[in-house]
Amino acid sequence: MLVIGFPAGALQANCYLLAAGEGEPCVIVDPGQDAEEPIREAIRKHRLSPVAVLLTHGHFDHTFSVTPVCDGNDIPAWIHPDDRAMLNDPLLGLSNESRAFFGGIEMREPREVRSLDDGVDLDIAGLGITVDHAPGHTGGSVMFRSGTEEGGRLCITGDVLFAGSIGRTDLPGGDHRKMLTSLRDKVLPLPDDTVVLPGHGPTTTIGRERATNPFLVQLGDAPAAPHRGL
């Protein structure tokens, strides 16, 4: 599997392109602010053909470029229905302080939007991708799992899980108790060798996080401090 990732925008949200290999169809995950040109460069360099955009959640630092990327390539965007409204109104997911700072942002959803549901297996771009609904950071946060034991397992966690931390739960739509449930039921059961591609920050593995991430080591005992992203 070919995986290309880069941080984009003021909040450095990670955007990913996934494909079976060079010269193949690809999916784009979380095209945030200033992501259009790096996406075009990656598509040209690796001779890729985009077929879909997958969104881990609705916060604009992960979705800002979704409409130009989707409509410009005539491809659909996939998002959990609980977060879809943020594609048209990004202020829905912001705190009062952030609304004052980012209040000039205007967005609209792409021409074609499809729903992501928990447990669905997507066959896109020759890749098998499983959707895990993992609310807590937002009501519609999801993770994407792909790969096999033989070929390497990975999980794109969005703002559910970071290296050494988790996403904040104090914004509109956030729920700390639901986040802990998502960590317990959706993250902890993953095999230790699963490579984690988070929404912000460096790559990690489930095994490393299971051993060192305080929110996984002691679910509910560590302080729920806000971390990266919106």
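Basis of the calculations
- Residues numbered from 1 in each chain as written.
- Predicted model: local features only at pLDDT ≥ 70, side-chain atom pairs only at ≥ 80, totals over all residues.
- Heavy atoms only, no water.
- Salt bridge = Lys/Arg side-chain N within 4 Å of Asp/Glu carboxyl O.
- Helix = DSSP H or I, 4+ residues; strand = E, 2+ residues; numbered from the N terminus.
- Buried < 20%, exposed > 50% of the residue type's maximum accessible area, 1.4 Å probe, protein only.
- Pairing = 2+ DSSP bridges.
- Core = buried A, V, L, I, M, F, W, Y, C linked by side-chain atoms within 4.5 Å.
- Contact = heavy atoms within 4.5 Å.
- Axes fitted to C-alpha atoms, helices over the stretch in contact; angles between N-to-C directions.

Trainee: With reference to specific residues and values, describe the pattern of salt bridges.
Mentor: Where charged atoms from two side chains of opposite charge approach closely, those side chains can pair. According to the stated counting rule, one finds 13 salt bridges in the structure shown. Among the ionic pairs, Arg 40 bridges to Glu 37, the shortest N-O distance being 2.9 Å. Taken together, the positions of Arg 40 and Glu 37, both in helix H1 (residues 36-46) and 3 residues apart, correspond to about one turn of that helix. Judged by its relative accessible area of 40%, Arg 40 is partly exposed. Of the residues examined, Glu 37 reaches a relative accessible area of 32% and is grouped as partly exposed. The network of salt bridges with common partners includes Glu 36, Glu 37, Arg 40 and Arg 44.

Trainee: Run through the pairing of strand S13 (residues 195-198), naming residues and quoting values.
Mentor: When strand S10 (residues 152-158) meets S13, the two strands line up parallel, connected through 4 bridges. Across the sheet, residue Cys 155 finds its bridge partner in S13, namely Val 196. Across 2 bridges, the pairing between S13 and strand S14 (residues 204-205) is antiparallel. Each bridged residue has a counterpart across the sheet, and for Val 196 the counterpart in S14 is Thr 204. The hairpin turn running from S13 into S14, its antiparallel successor, is 5 residues long, and Gly 201 in that turn takes a positive phi close to 85°.

Trainee: Go over the nonpolar core with me, naming the residues and quoting the values.
Mentor: By size, the foremost hydrophobic cluster in this structure holds 24 residues, and its most contacted members are Phe 6, Leu 17, Ile 28, Ile 39, Leu 48, Val 53 and Val 66. Contributions of two or more residues to this core are made by strand S1 (2-8), strand S2 (13-19), strand S3 (25-29), H1, helix H3 (66-73) and strand S5 (77-79). Sorting elements by how many residues they give to this core places S1 first, with 4 residues. Sequence-distant contacts of Val 53, defined by excluding residues within four places in its chain, comprise Ile 28, Pro 31, Val 66, Val 69, Cys 70, Ile 75, Pro 76, Ala 77 and Trp 78. The next biggest cluster of nonpolar side chains, apart from the first, holds 19 residues, and it includes Tyr 16, Val 29, Trp 78 and Phe 144.

Trainee: Quick rundown of the side chain of His 46? Include the residues and the values.
Mentor: Looking at the element boundaries, His 46 is found in helix H1. Residue classification places His 46 among the buried positions, given a relative accessible area of 12%. Excluding residues that lie within four positions of it along the chain, His 46 makes contacts with Leu 2, Ile 4, Glu 22 and Gly 23.

Trainee: Describe the environment of Leu 171, with residues and values.
Mentor: Following the sequence through the fold, Leu 171 ends up in the loop between strand S12 (165-166) and helix H5 (176-187). Assessed through its relative accessible area of 5%, Leu 171 is described here as buried. Residues Leu 171 and Gly 93, spaced 78 residues apart in sequence, show a C-alpha to C-alpha distance of 6.5 Å.

Trainee: Tell me what's going on with unusual backbone geometry, and back it up with residues and numbers.
Mentor: You will see that Asp 34, though not glycine, has its phi angle at about 60°, which is positive. The residue Asp 34 is located in the loop between S3 and H1 in this model. The class for Asp 34 is exposed, based on a relative accessible area of 61%. In this structure, Ala 125 takes a positive phi of about 55° despite not being glycine. Owing to a relative accessible area of 13%, Ala 125 belongs among the buried residues under this scheme.

Trainee: Which residues make up the sheet that holds S5, and what values go with them?
Mentor: Taking strand neighbours across the sheet as the criterion, the 6 strands line up as S1-S2-S3-S4-S5-S6 in an open arrangement whose pairing is mixed. In this open sheet, the two edge strands, each paired with only one partner strand, are S1 and strand S6 (113-115). Averaged over all adjacent pairs, the angle separating strand axes in this sheet is 25°, with direction ignored. Two strands pair when backbone bridges link them, and S3 and strand S4 (residues 49-54) are joined in this way by 5 bridges, in the parallel orientation. When the sheet's bridge partners are listed, Pro 25 is paired in S4 with Ser 49. Together, S1, S2, S3 and S4 form the strand contacts of H1, whose direction differs from that of S1 by roughly 160°.

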